[in-house]
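For reference, the chains in residue letters:
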Amino acid sequence: AFFRERLDLLLLHFIYVFASDRCCFSDGGGAADKIRLIPQDFFAELCEQIIQHLNHKIPGINTAELCQRIQTSGVDINIGDLAKVANTLSFLFSTAARNNLSTEELVTSLGSGVSTLPKHAVQVIRHVWNEQGKAIAVSEDATTTATVGQFVDMKWKLGVAMSSDTCRSLKYPYVTVTLTVADPSGQITDKSFEMTIPQFKNFVRQFKEMASVLETV
Amino acid sequence: MAALRDGDFAALQILLKAPSKDAVRQLCQECFSSPPAALGPLAQRACPGLAVSAEEAEQLVSALHNLTRHVVYRGLTAPEDILRLFPENFHQNLKNLLTKIILENVSSWRNEAQASQISLPRLVDMDWRVDIKTSSDSIVRMAVPTCLLQLKIQEDAALCGNNPVVSALTVELSKETLDTMLEGLGRIRDQLSAVANK
């Protein structure tokens, strides 16, 4: 009886999530409508990334890059919508993990009542959960409490601006940095900005300061 | 892009009607800083002070804009180079005054030009804090130092005009990610020294 009770609650939960309320999409549709647009192999890739992120195997979900490829294949989906689908699925998987759902339990709660989810999506979810779902354990790693973005990577470029429409001979050195950050929901975004050389030197000094404080604290 | 036109120097002589040298100085600065689109309103404001017609004011403002921007574009810093720009029959005193004003301002004008050129968003501020995580819902006791960094980034000045948009990026770094960052920054420094020594 306890078992059924828990399952029914979760079922309601998932229906709520996949209906329009929980995640409003730009055209008023629900997550299920958007999921229907995504070709099966891309959907599988998205689920893979989400599970791997929840398993701390990868730092984040590369929504932007995936969206680019989906669009190139001819599907009309924008990055905002894909991000919301990713969030919905992430919520689905992490809830299932917290409640230790078996594959059958998960599929059952998706299947009944939520007839809107396309069959291929349910198949992918079943497969991914079966393969990797059980491995989502409560993490011992202290850095998982993500309330702000997590730093993933930094790329840089040192350039010299030679000329511009305002100064024919500039010779102005600058540093361009692109920070890759995983936001609290796990989605990866890039942020690029420029620094003058004095700013860059100060930047380095601050980081050294931070590192020495981290050592001694 | 500022190219000096034939009528410009004729228009500049309208400055002879200016009330004072300071008025000329002020006008030069305003004409340099103003983007082409804002020259019209600037001319309207300058009109009464100069006791000229609206058309003359426009021609003058446009000419001053072109002259000052031309000097900065070409990177002229020597008095002879600037004097040489003026035609033979140009009013001597006015020519000397304008050259003097331009020389006074050229260096700060150049900085202004550099600051407003197209670029990626710029870093304007950086704040940080080191915390120790002592507990969480999954781990009761721990002592993990972590760093919170907030970068304030201003979008392209040229796109925002007078209302620059500043966004804040808050990022958490662990000791490992901070070390990665420092390594990358160290490499930039090496490159900078290599370039500086060339």
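The shown structure was predicted, so the numbers you read here are calculated from the model rather than taken from an experiment.

Cut-off values and rules
- Residues numbered from 1 in each chain as written.
- Chains lettered and ligands numbered in written order.
- Predicted model: local features only at pLDDT ≥ 70, side-chain atom pairs only at ≥ 80, totals over all residues.
- Heavy atoms only, no water.
- Pairing = 2+ DSSP bridges.
- Helix = DSSP H or I, 4+ residues; strand = E, 2+ residues; numbered from the N terminus.
- UniProt positions renumbered as here; feature names shortened; annotations may be inferred.
- Buried < 20%, exposed > 50% of the residue type's maximum accessible area, 1.4 Å probe, protein only.
- Polar contact = N/O pair within 3.5 Å; in protein donor to acceptor, adjacent residues only side chain to side chain.
- Contact = heavy atoms within 4.5 Å.
- Buried area = accessible area lost by both parts, 1.4 Å probe.
- Nonpolar A, V, L, I, M, F, W, Y, C, P; charged D, E, K, R; others polar.
- Phe/Tyr/Trp six-rings, centres within 6.5 Å; stacked < 30°, edge-to-face > 60°.
- Lys NZ or Arg CZ within 6 Å of the ring centre and 35° of its normal.

Asks: Could you give me a rundown of the pairing of strand β2 (residues 144-154) of chain B, with the residues and numbers involved?
Replies: Residues and elements named next belong to chain B. Relative to β2, strand β1 (residues 122-133) is paired through 11 bridges, and the arrangement is antiparallel. Residue pairing for β2: Lys 133 is matched across the bridge by Val 144. Relative to strand β3 (residues 166-173), β2 runs antiparallel, the two sharing eight bridges. Looking at β3, one finds that Gln 154 is bridged to Val 166.

Asks: Give me the UniProt feature "domain: COMM" (unreviewed entry) in chain A: which residues, what numbers.
Replies: In this numbering, the UniProt entry assigns the feature "domain: COMM" (unreviewed entry) to residues 150-217 of chain A. As annotated, residues 150-217 of chain A has a helix share of 29% and a strand share of 47%, and its two end C-alpha atoms lie 21 Å apart.

Asks: Give me unusual backbone geometry: which residues, what numbers.
Replies: With a phi close to 60°, His 56 of chain A is a non-glycine residue in the positive phi region. Residue placement: His 56 of chain A occurs in the loop between α3 (40-54) and α4 (63-72). Despite not being glycine, Ala 51 of chain B has its phi angle at roughly 55°, a positive value. Along the polypeptide, Ala 51 of chain B turns up in the loop between α3 (39-50) and α4 (54-74).

Asks: Quick rundown of the side chain of Gln 132 of chain A? Include the residues and the values.
Replies: Residues and elements named next belong to chain A. Looking at the secondary structure, you find Gln 132 in helix α7 (residues 119-132). The buried category is assigned to Gln 132, whose relative accessible area is 15%. A distance of 3.1 Å separates polar atoms of two side chains, one belonging to Gln 132 and the other to Glu 48.

Asks: For the interface of chain A and chain B, give the residues involved together with the corresponding values.
Replies: Each side of the interface is counted separately: chain A has 47 residues, and chain B has 52 residues. When chain A packs against chain B, close to 4800 Å² is buried across both sides, 73% of that on carbon and sulfur atoms. For the chain A face of the interface with chain B, the top three residues by lost area are Phe 151, Phe 207 and Leu 214 of chain A, together amounting to 15%. Where chain A packs against chain B, one counts 14 residue pairs in polar contact (both at pLDDT 80 or more). Mapped by element, the contributors of at least two residues to the side of chain A that touches chain B are β1 (149-161), β2 (172-182), β3 (188-196) and α8 (197-216) of chain A. Among the residues forming the side of chain A that touches chain B, the class breakdown is 26 nonpolar, 12 polar and nine charged. For β1 of chain A and β3 of chain B, the ladder comprises two bridges, and the chain directions are parallel. Within β3 of chain B, the residue paired with Gly 149 of chain A across the bridge is Val 171 of chain B.

Asks: Describe the packing of aromatic side chains, naming the residues involved and giving the relevant values.
Replies: Applying the stated criterion to the full structure yields eight aromatic pairs over all chains. Each ring, one from Phe 32 of chain B and one from Trp 109 of chain B, has its centre 4.9 Å from the other, and the planes form 20°; the classification is stacked. Of this pair, Phe 32 of chain B sits in helix α2 (residues 21-33) while Trp 109 of chain B sits in helix α6 (residues 92-115); the two residues are 77 residues apart in sequence, bridging distant segments of the chain. Judged by relative accessible area, which is 4%, Phe 32 of chain B ranks as buried. Here the aromatic rings of Phe 86 of chain B and Phe 90 of chain B are separated by 4.9 Å at their centres, their planes lie at 55°, and the arrangement is tilted. Each member of the pair, Phe 86 of chain B as well as Phe 90 of chain B, is classed as buried. Members of the aromatic cluster, connected to one another through ring pairs, are Phe 193, Phe 203 and Phe 207 of chain A. Here Arg 69 of chain B stacks its cationic end above the ring of Phe 32 of chain B, 5.2 Å away from the centre of that ring.

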